Each structure stands twice: as C-alpha cells, then as structure tokens.
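An overview of the molecular structure
Here is how the chains run, residue by residue.
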Amino acid sequence: DARSWRADLMAGVNANRRIPLDHGWILVNFLSWIFLFPTFTMLVPLKVQSLGLSGTWLGLCEAGLSLGMLAGSLGGSAWLIARFGRYATRVGAAVVQGIALALAGATTGGPWLVAGFAVAGFMNAAMVLVGLTHRMLARPQAFRARMVAVAVTTTYIASMIGPALAGFALLRWPVNTVFVAFGLVGALFALGLAVVPGFRAFMALDHEAVANFYERNFP
C-alpha cells in the first residue's frame, strides 16, 4: 500500500543521505537531467519543424539516437574504458553528451542533427553502463531496491521539471537558443561528478573491490 511504499522510499532516502558519494551522484544526475531530458524529447520535433524538415527527419533523429546507444552498448563503452579508464569515461561521456545535444540544437542541417543524436546516444550508453554496475554492486543488498527507487524517483521529478522549464524558456527565446542552452547547462551540471567526494577513487575500483562498498565504508 501507499504507507509501505513511503516507508521503503524514506528508508532509501535516509540510506542515501548517509553516503556522500551516492547522495552527490544522485544530485548531479538530477540537476543534469532537468536540462537534458527536454533535448531528448519535446525540443526535438520543435527543432525539426524550425528547420522546415519533414517528419522523416524526426524518425531519423530517433534512429540515430538508438543506433548510437546500440554502438555504445555493444563494445563502444568497453573501448572507452580500456582507453581512458572508468572515471574519465563516466565524466567525459556525460559532458560530451550534453555538448553533442547543444550542437544538434545549433545545426541548420538535417544530417548534422541526426549525427548529434547518434553521438549523444553513444555517450549515454557509455556513461550508464560504466556507472550502473558499480553502483548496483556497491549498494547493500538489503537496501538495493530502496536506494534504486530513490534514484528513479528523482529522475522522474527531473523529467517533470525539465519540460516545464523548457516551455517557459520557449516563451522568450527561439527553439535553437533553448536547445543549445539546455544542452550546455546539462553538460555543465554533469561535470559536477568530478567534485563528488570519493567518486574518482570509487570508479578506479574493480568489480570485486566495489562489491558491498557502501556497507563497508558507511555502516
């Protein structure tokens, strides 16, 4: 029931508050997603329309995004990790994703728009795959579902705030300006992971060392 759900959610919130690493991680993702979510959703058809392109280009943007995510999942992220390490891949991919979306918002041609979304999809897959496994292994098994629920809830809240904020921005500025600004601000907030306490050291751990990391370090 609702009471049990609230109790589980609050247990997850309290657990996250005790762990500065996870608390900071969630905050950075929340702030970044407020601005990046509209660039993946409501601003895309408006951008296509502003360029005078047909609906086919909207489909191509979605296809480019999916293709980029597929490439990132099928070895692209592993290549980035092998070349740059987990920390640089997680932070860099999040920043490049925002910049790619900003460039997509600034472009005046359909092919470059699709290319921007393909790059963004590749980077999205890389940053999710790099961080997801580490966070899941680090969380105490007894609190894993509740801590995940907190992260998912904050993402949903950001997904509500972002479109509303973009709507207000569109009342004053053209879609190109809003698109570029939201991509760049999202990238700037994503860079906040670099200052989250313990993030660099955490990402340097292998999967065996990171298992149950939160419970060992924040009992």
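Conventions used here
Counting from 1, residues in each chain are numbered in the order their sequence is written. Predicted model: local features are reported for residues with pLDDT of at least 70 only, side-chain atom pairs are reported and counted for 80 or more only, and whole-chain, interface and lining totals are derived from all residues. Side-chain measures were taken over the full set of non-hydrogen atoms in the model, leaving aside hydrogen atoms and water. When a carboxyl oxygen of Asp or Glu is within 4 Å of a side-chain nitrogen of Lys or Arg, the pair counts as a salt bridge. Strands here mean DSSP runs of E at least two residues long; helices mean DSSP runs of H or I at least four residues long; both are numbered from the N terminus. Burial classification: accessible surface area is computed with a 1.4 Å probe over protein chains only, and a residue below 20% of its type maximum counts as buried, one above 50% as exposed, and the rest as partly exposed. Only the stretch in contact is used when a helix axis is fitted, and all axes are lines through C-alpha atoms; the angle between N-to-C directions ranges over 0 to 180 degrees. Orientation labels follow simple angle bins: below 35 degrees gives roughly parallel, above 145 gives roughly antiparallel, 65 to 115 gives roughly perpendicular, and whatever is left gives oblique. Each crossing gets its handedness from the near helix: less than a right angle anticlockwise from the far helix is left-handed, clockwise is right-handed. Here a residue-residue contact requires only that any non-hydrogen atoms of the pair lie within 4.5 Å. Under this grouping Gly is polar, as are all residues other than the nonpolar Ala, Val, Leu, Ile, Met, Phe, Trp, Tyr, Cys and Pro and the charged Asp, Glu, Lys and Arg. Residues enter patches when their relative accessible area tops 30% and they take part in no salt bridge; the joining distance is 9 Å for like charges and 5 Å for the nonpolar side chains Val, Leu, Ile, Met, Phe, Trp and Tyr. Per-residue and other accessible areas were derived by the Shrake-Rupley procedure at a 1.4 Å probe size, with only the shown protein chains allowed to occlude residues. A pocket, in this scheme, is an open set of points on a 1 Å grid over the protein atoms alone with protein on both sides within 12 Å along at least 5 of 7 lines, while a cavity is a set where a 1.4 Å probe fits but cannot get out; residues line either one if an atom lies within 4 Å of a point. Grid points are joined across faces, edges and corners, and a volume is the space filled by probe spheres set on the points.

The next subject is the pattern of salt bridges. One pass over the structure, following the stated rule, counts 2 salt bridges. Asp22 is the salt-bridge partner of Arg135, the closest N and O atoms lying 3.3 Å from each other. Residue Arg135 is found in helix H6 (residues 110–138), and its partner Asp22 is found in helix H2 (residues 20–40); the two are separated by 113 residues along the sequence. Looking at Asp22, the relative accessible area reads 0%, which means it is buried. For Asp22, the salt bridge goes to Arg139, with nearest N and O atoms at 3.7 Å. Separated by 117 residues along the polypeptide, Asp22 in helix H2 and Arg139 in the loop between H6 and helix H7 (144–170) bring together distant segments of the chain.

The next subject is the packing of H7 against helix H8 (residues 175–190). When two helices pack together, their arrangement is given by the angle between the helix axes and the distance between those axes. Contact geometry for H7 and H8: axes closest at 9 Å, N-to-C directions at 140 degrees. When the axes of H7 and H8 are compared, the pair comes out oblique. In the packing of H7 onto H8, the handedness of the crossing is right-handed. Each of Gly162, Leu165, Ala166, Ala169 and Leu170 in H7 lies in contact with H8, whose residues at this interface are Val175, Val178 and Phe182. When the residues that make up the contact of H7 with H8 are grouped by side-chain class, the tally is 7 nonpolar, 1 polar and no charged.

Let us look at unusual backbone geometry. The backbone phi angle of Asn212 is positive, close to 60 degrees, even though this residue is not glycine. In this structure, Asn212 sits in the loop between helix H10 (207–210) and helix H11 (213–217).

The next subject is a nonpolar patch on the surface. A contiguous nonpolar surface patch, about 340 Å² in accessible area, is contributed by Ile157, Met160, Ile161 and Leu165. Tracing the backbone through its elements, the reader meets Met160 in helix H7. Taking relative accessible area as the criterion, Met160 reaches 58% and is therefore assigned exposed.

On to the layout of surface pockets, then. Considering only enclosed or pocket space, the largest pocket measures out at about 650 Å³ in volume. Taken together, 26 residues make up the lining of the largest pocket; nearest its centre are Asn29, Arg90, Val128, Arg135 and Thr155. Every element with two or more residues in the lining of the largest pocket is listed here: H2, helix H5 (86–106), H6 and H7. For the lining of the largest pocket, the element with the most residues is H2, which contributes 8 residues. A per-class count over the lining of the largest pocket returns 16 nonpolar, 7 polar and 3 charged.

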